[in-house]
Amino acid sequence: MKITLSVLKADIGSIGGHIIPSKALINEVKNFVQENGKNIIIDSYISHTGDDIAILCTHERGVSDEKIHKMAWDAFIAGTAVAKEQGLYGAGQDLLKDAFSGNIKGMGPAVAEMEFEERPNEPFVFFAADKTDPGAYNLPFYLAFVDPMYCAGLILSPKMSAGFTFRIVDVEHTEKDKIIDLNAPEDIYDIAALLRDNERYVIESIYARNTGNQAASISTTRLHNIAGKYTGKDDPVALIRVQGEFPATGEVLAPFQIGHFVAGFMRGSHIGPLMPCKLNTSISYFDGPPVVTGAAFCVKEGKFTEPADVFDHPFWDYVRMQVSEKAIIIRRQGFSGAAMLPYSELEYGGIVDKLEKLDKKFTFKD
Ligand code: F6R
Ligand code: MG
Ligand code: MG
């Protein structure tokens, strides 16, 4: 059976700052999807990571389907109404446009979708990250799909021997999607040259070269490119099919033990380590640290099993301790150098105004 897996995610308001959506907001979105998705979706799963709420669903309508996108948009509008009623912080903040215009992409919410022929058993992982941007997935998914140091299947499994094709987007180009397809292993230096720049080049999708089947879909929305100014970090979602011709679940998870430094800590303007957290984790230290959660499922004829929480294991408690230490170490240097993002990536214009004023006060010696 051919199914489409869609995840649509937005920050539409949260309690106590940018921490966690309220139960009432989550229930409103859940009820809305149940009621209005009846005739178009097969199954759904509503979750939150930090201050973001995500609608994961299955259907048979293909990617970029207007009805699915409209249903999600309307669910976010309904959730926003509750956020406003409750006085939640940042109510409706990711809904950048006034009216729905056919596709939720480019309107604020993040989207990742894949259409595929279901395998007899179909495991996949749904990742959601908060306080960061889509480039946060560049390193872990590069390592999971390209590097035999992380993905043993690349040398052990004949099904994976041909490697993977990466579709990479230049997110600075906003009028049209500017993409490039590169093949691992032969193009890995080119892939690495692009993916080192997390703010500009991001992985949009990955395909198994043996079969041509899609392995991964990642949201590539950069809110500031839509709004023309910073309105909040993009907090990306990703769908990764695992096992068989794709990396094993544990191979996809392995690179997350690095807790690599990403953009998006405090006010979307600082660098912090990405912490792999349990499902439904909230936000805390310095409005962070940036977090990523993973829910693994099997899907059969579009019906989900319950989720397995991939980072809920004693191993990841140890990793979280180490990532906390990295967070404290970089925070010790406050605003200095690598700890804060460059001007082009700051969420606030204030510092630019300040520098313009100061520039007028500079004088030349002699
Ligand atoms: C991401 C997030 C942050 C905020 C940023 C701005 O989920 O919440 O990137 O957008 O901290 O915060 P305010 O709007 O309070 O200035
Ligand atoms: Mg937010
Ligand atoms: Mg968020």
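Our subject is the structure listed above.
So, here's what we can say about the structure. (Residues numbered from 1 in each chain as written. Chains lettered and ligands numbered in written order. Predicted model: local features only at pLDDT ≥ 70, side-chain atom pairs only at ≥ 80, totals over all residues. Heavy atoms only, no water.)

## Here we look at the overall build of the protein
Check the secondary structure of the protein and you find 10 helices and 16 strands. Radius of gyration (C-alpha) of the protein: 20 Å, near the 21 Å computed for a compact globule of 366 residues. With the C-alpha coordinates of the protein rotated into their principal frame, the extents come out at 75 × 50 × 45 Å. Here the protein holds 366 residues, and 55% of them are scored as buried. For the protein, the accessible surface area stands at approximately 16400 Å², while carbon and sulfur atoms represent 53% of it. Positive and negative charge centroids in the protein, built from 37 and 49 side chains respectively, lie 3 Å apart. (Helix = DSSP H or I, 4+ residues; strand = E, 2+ residues; numbered from the N terminus. Rg over C-alpha atoms; globule rule 2.2 N^0.38 Å. Buried < 20%, exposed > 50% of the residue type's maximum accessible area, 1.4 Å probe, protein only. Areas by Shrake-Rupley, 256 points an atom, 1.4 Å probe, with all protein chains shown as cover. Lys, Arg positive; Asp, Glu negative; His and termini not counted. Charge placed at Lys NZ, Arg CZ, Asp CG, Glu CD.)

## Some thoughts on the environment of Ile240
Assignment of secondary structure puts Ile240 in strand S10 (residues 237-241). Given the relative accessible area of 0%, Ile240 is considered buried. For the pair Ile240 and Val252, spaced 12 residues apart in sequence, the C-alpha separation works out to 8.3 Å. When residues no more than four places from it in sequence are discounted, the contact partners of Ile240 are Met114, Phe124, Val125, Phe127, Phe141, Phe145, Ala215, Ala216 and Val252. (Contact = heavy atoms within 4.5 Å.)

## Focus: the packing of helix H3 (residues 138-146) against helix H5 (residues 188-195)
Where H3 contacts H5, the two axes come as close as 10 Å, and the packing angle between them is 165°. For the element pair H3 / H5, the angle class is roughly antiparallel. As H3 runs across H5, the sense of the crossing is left-handed. On H5, the residues touching Asn138, Tyr142 and Val146 of H3 are Ile188, Ile191, Ala192 and Leu195. Tallied by class, the residues present in the contact of H3 with H5 amount to 6 nonpolar, 1 polar and no charged. (Axes fitted to C-alpha atoms, helices over the stretch in contact; angles between N-to-C directions. Parallel < 35°, antiparallel > 145°, perpendicular 65-115°, else oblique. Left-handed = near helix turned anticlockwise from the far one by under 90°. Nonpolar A, V, L, I, M, F, W, Y, C, P; charged D, E, K, R; others polar.)

## A look at the coordination of the magnesium ion (ligand 3)
Only Asp51 (OD), Asp52 (OD), Asp52 (OD), Asp130 (OD) and Asp235 (OD) from the protein coordinate the magnesium ion (ligand 3), and they sit 2.0 to 2.7 Å from it. Because the angles between the 6 donor atoms bound to the magnesium ion (ligand 3) fall within 49 to 177°, the donor set is best described as irregular. Taken in chain order, the donor set of the magnesium ion (ligand 3) reads D-D-x77-D-x104-D. In this model, the magnesium ion (ligand 3) sits 3.2 Å from the magnesium ion (ligand 2), the two metals being bridged by Asp51. Both residues of the pair, Asp51 and Asp52, belong to the buried class. (Donors = N, O, S within 2.8 Å, 3.2 Å for Na, K, Ca; no water. Tetrahedral: all angles 85-135°; square planar, octahedral: opposite > 155°, others 65-115°.)

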